[in-house]
Amino acid sequence: MIKRKSKRLFAALEPIAAAAALLLGPGLAAQAQTQFYGYMGVVSSSPNNQFPIDTFQAGLELRPDALWVGSGGEGVFSVNPGATLQAAGLLIGLGGNGQGTVTVGGFSIVSETPGRVNLTGTGGRLSVGEWGSGTLLVRQGAVVDAALPLLDCLAASCRTFIGNGAGSSGTLTITDAGSEVRTVRSFTVGQTSVFTDALSGFNFGTPGGRTDAFVNVLNGGTLRTEGATVASNNRSPDGNGSELANGTVVVDGAGSQWIVKGNTIDNTAALMGIGSGAGANGLVTVSGGGKLQIDGAGSPGPNDGINIGSNGKGKLVVTGTGSQLLTGGTNHFINVGANNSLGDGTFEVLAGATASTLYLNVGRNGGTATMLIDGAGTTLTQSGVGVNQSPGANGAAGASIGRNIGGGGGTGSVTVSNCAQWLISDGGGDGRTAQNSPAITLGRGANSSGSLTITGAGSRVQIDATSLGLAPGVADNYNPFFAVGYDNPSTTSGTLTISEGGKLVMNGNAVSTVANPRSTQLNIGGRSGSAGTGTATVTGAGSEILMTGYDAFINVGRDAGSSGVLNVLDGATVTTTSLVVGIGANGTVNIDNATVALVGDRSSVNPPIGAGATIGRGTGGVGALNMSNGATFTITPGVHPGGMSIGGDQFVSGGSGTVTMSGGSSIVINGGSGMNIGRSGTGTATLSNSTITNAGGNIFVAREVGSTGTLALTNGSVINAEFVGVGVSAAGTGAAIGTPGGVGTLALDGDSTVNTGRFELGANSFLVGNGTIDAVGDVVIAGTVSPGYSPGRLRIRCNVVLLPGSRIVLEISGSGSDFGGYEIDQLIIGDTASFDLGSAEIVFSFLGDTNPNVVSGLGGLNLDYYLRTGTEDPSEPLDAPTRALSTLFAPGQGWADVIDTASVTAVSDRFDVTSFSYSGNGTFELTAVPVPEPSTWGLMFAGLAAVGGGARRRKAQAAQA
C-alpha cells in the first residue's frame, strides 16, 4: 500500500547525510552532514510555495507560508538535529487522498542540538491527517512549538488536529526525553467534520467516513496542550449522521507526560473530553510511569477537568506503578459517562497507578459509566475544598455515582478491588460556607442508579473530615456523608457491596456540638427530607464498615417513602455509634454470622447519650433487625448510657420495630444502658436459641403509656438484665409496682429463661408460656399470668407478689375418663421463695370442647395440681419434678388462707358455667351447660393462648412427684 511505501521513503532519508559522508571521505564528512532537511514526493508551502528549499541551511524560514506535506499525494519531510524551521503552520496528509510523513529529530553525527519547528501562523497551526493520512514523529529531544506568539491567535484559529475531517487518519508520536509538542487554544485527536460544495461552498471530509487518530507520548516525551478532545464526532455541518470518530492516546514510560492547560486565547478552563458525540470512541492510556495532568493554574474556571464519554464513548486507563493522573485548578473534576443516553464512560486506575481530583461523577445526566480502581498500591485521591463556595456548592471533595441533575438519569458502577484505595477528604480546607461534607452518593436524582463494590483484603474506601481547630463554640467543618440511594425512591436506587475483606472507613474529626451538630453519617435508603431506595451488603471475614469520630450514624430507611436494607454477613463487621432502622420509612438490617458494634457517645444532643440503636422510629417508621447463625450485636457507650429501642425512642415517638434472633445470636448492652421493646410505638423481639444481655441495665417491654411490646423467647433463649419490666415505665420498690406503661407481653417457650434482679408485670400486660423467671429480688405482678400455650408450665424461682387486679389463668384441655387424660397449666414457685397470692384472681379456662363437668367430677379443679413448687436450682430443667404449693404453707394454713376463694372463677369456649363454688382443700366444683358460640371470656383467652404460636402440648398427671 502507499502508506507502507511512505514509511520506506521516510526511512531512506535518515541515512542520507551519513552515506554522503562516507563517500566523500573523512575530510568532507562535516561538510556533508550540514544537510538539515530532507524531503521527497509532494511537499510544498502555501500559499506562496517556496520550494525547492536549501536543505543545507540550518534556519529555514517559510513564513508567512505553511508547510504542506502530502497534499493530494505522498510526501515525506524531515527536520534533522541542528535545524530550526519557521512556518505559519504544518499540515500533513491533505485532501481525500493525501499521505504525509514528517520527522523532527533523527540521525546526526555533527549537531547535538535537537531539531525544532516553530509554528506561528494565524490559521490552523498543526494538523496531522487533514482529510488525509498523516504521521508526525518528534524524537530525540526535538521540539514542535505551535504555542507562540499568542496575540496572533486572538482573531484566528491556531488550533491543532490529529485526524481532521471524516475519512482521515493521523498519528502523532513524541518519544525520548526532551522531545516536546506544544499547542494552543484547542487540541483534537480524531474529528469528523464534513463540508460539501453544495452546502458549504467547498469539500472537506467524507460523508459517512471514519476518522482514526493516534497520539503516542513515549519514553520521556512531553505533550503540552491548551484543552484537549480525544474523539469528537461533530458531524458538522454536512455529515450524513453515520460518521465515526476514533481517537487513541498513549502516554507511556517514565517521564512521559501530557499536560493540559486552560485556553489562554479565549480565557477558558483547562478541559479534556474523551469521546464526544454519538459515534465517537476515545481511549487514553497512561502507563509505564507516564503522567496525564490537567493543569488549571490561573484558569478562570468555573471548573477544570476531564469528561470521559460525554455524549459518546470514552475510556481513560491509568496503569502501572508510577503512572499518574492529576487534575488541578478551579473546582477540578472528573466526569465519567455524562450528558445523555449516548454518554458511555470508563475510568480505570490499575496496577499501582495513582489518580487525583477534587470532584468525581460516574454516570451523570443520562450517561452510563464504570470505574475500576484495582491492585496493590493503586490509589484514587480526592482531597480539598472548592473555591467560590455557596450553600450546597463547591464544598469538600466528593463523588456521585449515578446522578441526574435534569439530564435524564444516570447509571454508575464503581469497583475498588485487590488492595486498591479510594481516599476522599477535605484536605484540611474550610468547607463551611458550602455546608457540604466530603461525601459519596450512590443513586441521586430521578431515573438514576449507583453501585459501589469494595472487594478484596486491603481494598479500602475512606472518607475523612478534619477539624479546623477553632475556638470552643465556633462551628467546625462538616463530617463525612455517604448516601446509598439518595432520593427518588421509585426510580432511583443505590447499592453498596463490601466483600472478601474490603473496607469502608469514615472518620469524622470535625467537632460536633449541640449548637453546631456535625454527624458522621451513612444513609441507606433516603435521607432527612428526601426518600430513597438503597441496599448495603457487607460480607466475608475482614469485610467492614468502620465509622469513627463525632456522632457516627447509620440510618437504614430514612424519611417517608424510603426503603433501606443493610446486610452484614459471613464474618463481616459494622462499627458505628448509632444505628436507626426505619425512620418514618421501611428499614431492615440482617446480621448473619457477623457482627454489628455500636461504640462511643453522641455529643450533639443535650443531655449527651451513649451508643445506641432504634428499630422503627416515628409515624410510618417500620424497622426490622434480623439476626441468625451466631450473629452478635454489641452496644458499648463511652461515658453516657445508651441502649436500644424497638418501636419509638426518646427522640421521636411512634414507629413499629421487630427484632428476630436465632441460631445462637446475641445482643450485649454495656454501661448500664437500657433496652426498650415498644417504647412509644409497637415493638416485638423474638428469640430462638439466642440471648440478650444487659448487665447492670434495664429491659422494658411496652414502656410508655400507649405503647405495645412483645418479648418472645423460644428454644432455650435467655434474657439477662438488672431489671425487666413489662408494661411499666419505671421500676418500683418492694411489693409496689413502678409507673404504669403500655400493653406488654413476655412469652416464654422451650425452656427459655429470664434472669433478672427484679421483674415487674404491669396491670395491662401478660406473662405467658413455658419457661422460667429467675429473679434475685421480687417478681411483682399486676397483670395476667398464663402459664403455657394451651396449656404449659411456667416457673418463677423467686419471691412472688400478686397485686390487686392481677390474674392467674389456668388452662385445661382434653377429654378422658380420668384426670390424667387432660393437659393443664402449672405455675411453679421456687421452694424457698415467699409468695403472696391473696389479691390475685384465679381463672380456670376450659379450652375448645373440654367439658368442665367431667373435669369437676374427677376432682380436677384442685389448686394443688395447678399451683406447684420446685427447686430453685437454675440447672434443673423446666420439666423437673414438682409438688403442690400447699406443701409450703405455714402450719395450719389452707388454700382458703392463701387465696381469695371468691376471686376464683371458671370460663369455657363452648360451655356456660352456671354454678361455681369452693368445696375445701383447694378444690372447686362447677356445673356447666353447652352453648352454641364461644363466650366473650373464651374468645379473650383463646386469643391469649395464641400468643407465640407453635405451642408444645404436654400431658400433666393429677399428682406429679
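Up top is the structure.
Residues numbered from 1 in each chain as written. Predicted model: local features only at pLDDT ≥ 70, side-chain atom pairs only at ≥ 80, totals over all residues. Heavy atoms only, no water.

The next point concerns the nonpolar core. In terms of nonpolar packing, the biggest core is built from 184 residues, with F347, W422 and F633 touching the most fellow members. Looking at this core element by element, the count peaks at 5 residues for strand β64 (residues 743–761). (Core = buried A, V, L, I, M, F, W, Y, C linked by side-chain atoms within 4.5 Å. Buried < 20%, exposed > 50% of the residue type's maximum accessible area, 1.4 Å probe, protein only. Helix = DSSP H or I, 4+ residues; strand = E, 2+ residues; numbered from the N terminus.)

Counted by the stated rule, this structure contains 1 disulfide. There is a disulfide in this structure between C153 and C158, and the S-S distance comes to 1.9 Å. On the S-S bond that ties C153 to C158, the torsion sits near -95 degrees, and the link is left-handed. This pair shows no difference in class: C153 is buried, exactly as C158 is. (Disulfide = S-S within 2.5 Å.)

The subject of this paragraph is the environment of D825. Mapped onto the fold, D825 is located in the loop between β71 (822–824) and β72 (826–830). Each residue touching D825, except ones within four places of it in the same chain, is listed here: S786, P787, G788, P791, G792, V809, L810, E811, Y865 and Y866. A polar side-chain atom of D825 sits 2.6 Å from the main-chain amide nitrogen of G792. Within polar-contact distance, the side chain of D825 engages the backbone nitrogen of E811 at 2.8 Å. (Contact = heavy atoms within 4.5 Å. Polar contact = N/O pair within 3.5 Å; in protein donor to acceptor, adjacent residues only side chain to side chain.)

Next up on the list: the pairing of strand β38 (residues 448–455). In this structure, strand β35 (residues 410–417) lies alongside β38, joined through 8 bridges in parallel fashion. In the strand pairing of β38, G410 is matched with S448. Two elements, β38 and strand β41 (residues 493–499), share 7 bridges in a ladder whose sense is parallel. Across the sheet, S451 pairs through a bridge with T495, a residue of β41. (Pairing = 2+ DSSP bridges.)

What follows covers the pattern of salt bridges. Across all of its chains, the model carries 16 salt bridges by this definition. Residue R432 is joined to D430 by a salt bridge in which the shortest nitrogen-to-oxygen separation is 2.8 Å. According to the relative accessible area criterion, R432 is partly exposed, its value standing at 27%. Salt-bridge contacts for D849 lead to R910; the nearest nitrogen and oxygen are separated by 2.7 Å. Here D849, found in the loop between β74 (841–846) and α5 (852–857), pairs with R910, found in the loop between β77 (904–908) and β78 (911–920); they are 61 residues apart in sequence, far enough to count as distant. With relative accessibility at 36%, the residue R910 sits in the partly exposed group. One continuous salt-bridge network, built from bridges that share partners, spans R116, D145, E180, R182 and R224. (Salt bridge = Lys/Arg side-chain N within 4 Å of Asp/Glu carboxyl O.)

We now examine the packing of aromatic side chains. Counted according to the given criterion, the structure contains 19 aromatic pairs. Here a set of aromatic residues connected by ring pairs shows up, and it is made of F844, Y866, F916, Y918 and F924. One Lys or Arg, R444, reaches over the ring of Y486 and ends 4.3 Å from the middle of that ring. Looking at R703, its charged tip hangs above the ring of F700, at a distance of 4.2 Å from the centre. (Phe/Tyr/Trp six-rings, centres within 6.5 Å; stacked < 30°, edge-to-face > 60°. Lys NZ or Arg CZ within 6 Å of the ring centre and 35° of its normal.)

Locating Q382 in the fold gives a position in strand β33 (residues 379–383). Here L358 takes part through its backbone oxygen, which lies 3.0 Å from a polar atom of the side chain of Q382. At a separation of 2.8 Å, a polar atom in the side chain of Q382 contacts the main-chain carbonyl oxygen of G398. Not counting residues up to four positions away in its chain, the partners in contact with Q382 are T357, L358, Y359, L360, A397, G398, A399, W422, L423, I424 and S425.

Turning our eyes to something else, we now look at unusual backbone geometry. A cis amide bond, omega -10 degrees, links L148 with the succeeding residue P149. Checked against the element boundaries, P149 lands in the loop between β12 (143–146) and β13 (160–164). Here the residue pair G301 and P302 is connected by a cis peptide bond, since its omega of 5 degrees sits within 30 degrees of zero. Mapped onto the elements of the fold, P302 is located in the loop between β24 (291–295) and β25 (305–310). Positive phi values are uncommon outside glycine, yet N49 reaches one of about 45 degrees. Inspection of the secondary structure puts N49 in the loop between β2 (43–46) and β3 (59–61). In this structure N49 comes out as partly exposed when scored by relative accessible area, which is 40%. Of note, the phi angle at D570 is positive, near 50 degrees, even though the residue is not glycine. On the secondary structure map, D570 appears in the loop between β47 (563–569) and β48 (573–576).

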